[in-house]
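Residue-level structure breakdown
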Amino acid sequence: AAAAARPEDLWAAVEAREEEEVVSPELLQRAHDQFGRKAVLFLHHVVAIAFPELPTSNAALKAVKRGQVFVDGAQRRAHDTPAPEVGALLRVRLGVAEAPLAGLRE
């Protein structure tokens, strides 16, 4: 029987990539609807709708805080960053993390 792959090897095999999405009125409306936001909509809400790889507001917020989210080329890291305007270009780095399995190697 073949030996099971080690978790750190599986993680190392994940290919980092970037995805882009232009903010549309429909995207903003879907974020408002999905998260029940009447007035203030934040960047991480829009990211969670725009990128299926970050399907929850918590996952999207973590990506923002890690510096993986860019709006019109500018990195955004604040948890309270307002949602971008229609026409803005969202870019997200996926498949990257800050040593997620460091503790497993010891």
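Our structure is the block above this text.
Numbering of residues begins from 1 in every chain and follows the order in which that chain's sequence is written. Given that the model is predicted, a residue must reach a pLDDT of at least 70 before its local features are reported, and side-chain atom pairs must reach 80 or more before they are shown or counted; all residues, however, enter totals for whole chains, interfaces and linings. Values shown for side chains rest on all heavy atoms present in the structure; no hydrogens or waters enter the calculation.

**Some remarks on the nonpolar core**
In plain words, nonpolar cores are sets of buried Ala, Val, Leu, Ile, Met, Phe, Trp, Tyr and Cys residues tied together by side-chain atoms within 4.5 Å. Think of it in three bands: residues with accessible area under 20% of the maximum for their type are buried, residues over 50% are exposed, and the middle band is partly exposed, with areas taken using a 1.4 Å probe on protein chains only. Within the largest apolar cluster, 22 residues are counted, with the highest numbers of intra-cluster contacts made by Leu43, Val46, Val47, Leu54, Val69, Leu90 and Val92. Taken together, the elements giving at least two residues each to this core come down to helix H2 (25-35), helix H3 (43-50), helix H4 (57-65), strand S2 (69-71) and strand S4 (89-94). In this text, helices come from DSSP runs of H or I with a minimum length of four residues, and strands from runs of E with a minimum of two, each type numbered from the N-terminal end. A per-element tally of this core places H3 first, with six residues. Residues within four places of Val46 in sequence aside, it is in contact with Leu27, Leu28, Ala31, Leu41, Ala83, Pro84 and Leu90. Whether two residues are in contact is decided by their heavy atoms: any pair within 4.5 Å suffices.

**Observations regarding the sheet that holds S4**
Only strands that DSSP links by at least two bridges are regarded as paired with each other. Strand order in the open sheet formed by four strands is S1-S4-S2-S3, with antiparallel pairing between adjacent strands. The open sheet has two free edges, formed respectively by strand S1 (17-22) and strand S3 (74-75), since each of these has just one partner strand. Direction of pairing for S1 relative to S4: antiparallel, over a ladder of six bridges. Bridged to Arg17 within S4 is Leu94. To get an axis, a line is fitted to the C-alpha atoms, and for a helix only the part in contact is used. The angle between two axes follows their N-to-C directions and goes from 0 to 180 degrees. With respect to the sheet, H3 is in contact with S1, S2 and S4, its orientation differing from that of S4 by roughly 70°.

**Here we look at the pattern of salt bridges**
Should a side-chain nitrogen of Lys or Arg be within 4 Å of a carboxyl oxygen of Asp or Glu, the pair is scored as a salt bridge. Enumeration according to the criterion identifies four salt bridges in this entry. Ionic pairing is found between Arg91 and Glu18, a salt bridge with its closest N-O pair at 3.2 Å. Of this pair, Arg91 sits in strand S4 while Glu18 sits in strand S1; the two residues are 73 residues apart in sequence, bridging distant segments of the chain. According to the relative accessible area criterion, Arg91 is buried, its value standing at 17%.

**Side note on the packing of H3 against H4**
Direction vectors running N to C along H3 and H4 enclose 115°, while the axes themselves pass 8 Å from each other. On the basis of the axis angle, H3 is roughly perpendicular to H4. As H3 runs across H4, the sense of the crossing is right-handed. Along its contact with H3, which presents Leu43, His44, His45, Val47 and Ala48, the element H4 presents Ser57, Ala60, Leu61 and Val64. Classification convention: Asp, Glu, Lys, Arg as charged; Ala, Val, Leu, Ile, Met, Phe, Trp, Tyr, Cys, Pro as nonpolar; all other residues, Gly among them, as polar. Among the residues making up the contact of H3 with H4, the classes are represented as six nonpolar, three polar and no charged. Orientation categories follow fixed angle ranges, with anything under 35 degrees roughly parallel, anything over 145 roughly antiparallel, 65 to 115 roughly perpendicular, and all other angles oblique. Crossing handedness is defined as follows: a turn of the near helix away from the far one that is anticlockwise and smaller than a right angle gives a left-handed crossing, while the clockwise case is right-handed.

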